[in-house]
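Spelled out, the chains give:
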Amino acid sequence: MQIRLLVTGGTFDKEYDELNGRLFFKDTHVREMLRLGRADLDLEIRTLMMIDSLEMRDLDRELILKSCLEPGRDRIVVTHGTDTMPETARYLSGRAPDRTIVLTGAMVPYTFGSSDGLFNLGGALAFAQVLPPGVYVAMNGRCFDGRAVRKNRATGRFEPLAEV
């Protein structure tokens, strides 16, 4: 099974600058994470952007959608910042009816060593292989309908909204 993996940045790929105490982007950690997870999948990996999801606009979401719609792969995983992941999932929903699109991310940067990113990436890749067409958010071992999910900032977890 072939899967397209689209990288957009987010906490997943942030680095920490010890001199000024800020997080920044350098390059994606996806390939290293896949190697550590011993992922034996047919993957096409593309870095679309490296931005914080709070900076993501509909123009960026349109680029994600166009990349999802390109021929060749109907199973897609998108790494994405968690702050606006539900907005992107809703944007994509219904616009790629023949595709299975799974968005995932991390609450803690991969480089911190205690990140949930490796687990979330593995979960998203597994969900992408077995779910029917639609848009989903996969975080912390759970999978949500992309049209009805939110990030609970108080608990640091994703949760379903009322039924769609």
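Just above, that's the structure.
Below is a short write-up of the structure. Being a predicted model, the structure only gives us computed values, none of them experimental. (Residues numbered from 1 in each chain as written. Predicted model: local features only at pLDDT ≥ 70, side-chain atom pairs only at ≥ 80, totals over all residues. Heavy atoms only, no water.)

## Observations regarding helix H2 (residues 58-69)
Between its terminal C-alpha atoms H2 stretches 16 Å, which fits the 16 Å expected from 12 residues at 1.5 Å a residue. Buried within H2 are the following residues: Arg61, Ile64, Leu65, Ser67 and Cys68. Viewed end-on, H2 has its buried residues packed into an arc of 165°, placing them on one side of the element. Residues of H2 that are exposed and point more than 90 degrees away from the buried face comprise Leu59 and Lys66. (Helix = DSSP H or I, 4+ residues; strand = E, 2+ residues; numbered from the N terminus. Expected span 1.5 Å × (residues − 1). Buried < 20%, exposed > 50% of the residue type's maximum accessible area, 1.4 Å probe, protein only. Arc of directions from axis to C-beta.)

## Structural notes on the environment of alanine 138
Tracing the chain through its elements places alanine 138 in strand E7 (residues 134-139). Setting aside residues no more than four positions away along its own chain, alanine 138 makes contact with Val102, Leu103, Thr104, Ala124, Phe127 and Cys143. (Contact = heavy atoms within 4.5 Å.)

## Points about the nonpolar core
With 22 residues, the main nonpolar core has Ile64, Val78, Leu92, Ile101, Leu103, Val137 and Phe158 as its most contacted residues. Mapped onto this core, the elements with two or more residues apiece are strand E4 (42-51), H2, strand E5 (75-79), helix H3 (85-92), strand E6 (100-104) and E7. For this core, the element with the most residues is H3, which contributes 4 residues. Not counting chain neighbours up to four residues away, the residues in contact with leucine 103 comprise Val78, His80, Met85, Thr88, Ala89, Leu92, Val135, Tyr136, Val137 and Ala138. Grouped together as the second largest cluster of nonpolar side chains are 18 residues, Leu5, Val30, Leu34 and Ala106 included. (Core = buried A, V, L, I, M, F, W, Y, C linked by side-chain atoms within 4.5 Å.)

## Things to note about the pattern of salt bridges
Any two side chains of opposite charge can pair, so long as their charged atoms come close to each other. If you walk through the whole model with that rule in mind, you get 11 salt bridges. For arginine 46, the salt bridge is made with glutamate 44, and the minimal N-O distance between the two is 2.6 Å. Through salt bridges with shared partners, one network takes in Arg4, Asp42, Glu44, Arg46, Glu70 and Arg73. (Salt bridge = Lys/Arg side-chain N within 4 Å of Asp/Glu carboxyl O.)

## Concerning the sheet that holds E7
Spatially, the 6 strands line up as an open sheet ordered E4-E1-E5-E6-E7-E8, and their pairing is mixed. In the strand order of this sheet, the two ends are held by E4 and strand E8 (142-145), each with one partner. Between one strand and the next, the sheet's axes are offset by a mean angle of 25°, whatever the strand orientation. Note: E7 against E8, 4 bridges, orientation antiparallel. Among the inter-strand pairings, methionine 139 is bridged to a residue of E8, identified as arginine 142. Against the sheet, H2 engages strand E1 (2-9), E4, E5 and E6, with an angle of about 170° to E4. Here helix H4 (residues 117-130) sits on the sheet and contacts E1, E4, E5, E6, E7 and E8; the angle it forms with E5, its principal contact strand, is near 160°. (Pairing = 2+ DSSP bridges. Axes fitted to C-alpha atoms, helices over the stretch in contact; angles between N-to-C directions.)

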